[in-house]
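The lines below spell out each chain.
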Amino acid sequence: SCSFVSFVVQPNSGYTATNARRPHLTLDIAAINERVRAQSRFVDAVRAEVAKVIVGPDVLVERLLIAMLCRGHILIEGVPGLAKTLTISTLARAVDATFVRIQFTPDLLPADVTGTTIYSPQDGQFHVRKGPIFANIVLADEINRAPAKVQSALLEAMQERQVSIAGTTFALEDPFMVLATQNPIEHEGTYALPEAQLDRFMLNVRITYPTRDEEKRILDRFVVPGEEPRIERIVTPDAVVTASAALADVHMDDRLRDYIVHIVYATREPESYRMPELKPLIEYGASPRATIFLAQAARAHAFVNGRGHVDPDDVKSVAMDVLRHRIVETYEAEAENVTRDEIVRRVLAGVEVP
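Residues numbered from 1 in each chain as written. Predicted model: local features only at pLDDT ≥ 70, side-chain atom pairs only at ≥ 80, totals over all residues. Heavy atoms only, no water.

(A) How the structure looks around the sheet that holds strand 11 (residues 177–182). What the five strands build is an open sheet, ordered 5-8-11-4-12; its pairing is parallel. Either end of the sheet is taken by a strand with one partner, and the two such strands are strand 5 (99–103) and strand 12 (203–206). If you compare each strand with its neighbour and ignore which way they point, the axes differ by 20° on average. When strand 8 (residues 137–141) meets strand 11, the two strands line up parallel, connected through four bridges. Paired with alanine 140 across the two strands is alanine 180, which belongs to strand 11. On the sheet, helix 4 (residues 84–94) packs against strand 4 (74–77), strand 5, strand 8 and strand 11 and is oriented at approximately 170° with respect to strand 8. (Pairing = 2+ DSSP bridges. Helix = DSSP H or I, 4+ residues; strand = E, 2+ residues; numbered from the N terminus. Axes fitted to C-alpha atoms, helices over the stretch in contact; angles between N-to-C directions. Contact = heavy atoms within 4.5 Å.)

(B) Structural view of helix 2 (residues 41–51). Within helix 2, the full set of buried residues consists of Phe42, Val43, Val46, Arg47, Glu49 and Val50. Viewed end-on, helix 2 has its buried residues packed into an arc of 160°, placing them on one side of the element. Exposed and oriented more than 90 degrees from the buried face of helix 2 are Arg41 and Asp44. The inward-facing, buried residues of helix 2 contact helix 1 (29–39), helix 3 (59–69), helix 4, helix 9 (237–246) and helix 11 (288–304). (Buried < 20%, exposed > 50% of the residue type's maximum accessible area, 1.4 Å probe, protein only. Arc of directions from axis to C-beta.)

(C) Geometry of the pattern of salt bridges. Going through the model one piece at a time under the given rule, you end up with 29 salt bridges. Among the salt bridges present, the one from glutamate 49 reaches lysine 52, with a minimum N-O distance of 3.0 Å. Shared partners join several salt bridges into a network, and the residues in it are Asp44, Arg47, Asp58, Glu62, Arg63, Glu77, Arg206, Asp321, Arg324 and Asp341. (Salt bridge = Lys/Arg side-chain N within 4 Å of Asp/Glu carboxyl O.)

This is the structure:
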């Protein structure tokens, strides 16, 4: 474990870290960096494969990899036509993972997602038919179009990583990740996710339009006839699980742990951090899940960038996606057109960086 660690300098050995409970144990940061670089080599190759199909910044791909490594789930928001499904399916092919897309509709039933029992006239028995949720990557398209009972069935599987069908419990695939999408334009005939259910998602990623140059490249790639890019298998799901365990090797200093706690606590009591102007704008601050997920995501961000230690930039890079759906703004904030993103930006600017 890397808990209760402080940095010391030893001659001819670079920076090391010593365990405060057991001082005789040391961690060589240079060795950790080298080990993490070796374990995360597949990340750049996966990004390159996805780039064969997807044009634009790979922020979404990076967030997908972070969630997969942390065994978390993502809520993706963006207008139609931004290649969300194509990005996810291409990533699934690159990691040789099973991929299922479920179109959520108002008439969808929980059994349509999790599975049910089917009577067989041949033997007079009921047999379990597993639902589409039994896959490595599950895309819940327009999750807010399904009623609450379907959302609850899916979110229970996300939390417990198992499904009960006719009294029998079945474990889900490993790795298992749910990617839910929401359309920010249309709200008629939708069922908004309650805040308690939103809190189950590790990250809330918002996708924007491509730049003008990226749009031109999209036009050149998909309008001009050509051979469809072939996506190579870069890594296996078992290798992703192994890489997930390797996240424990990424070192996080105690000062950064405190920094994460201060960020989350500042969303609850901004006046304690010399930001009294935010107090009337925040109805509820981030939950303890935010603290856990922010630390895990920062660690994974360092890992996918080939570093064996977390720095403040890792925390700030993922903070928006971790916090934006966990803060509830007041009516005053809505009246002043202060968004959740703006609140998070002010919190990050107001909390002192170690």
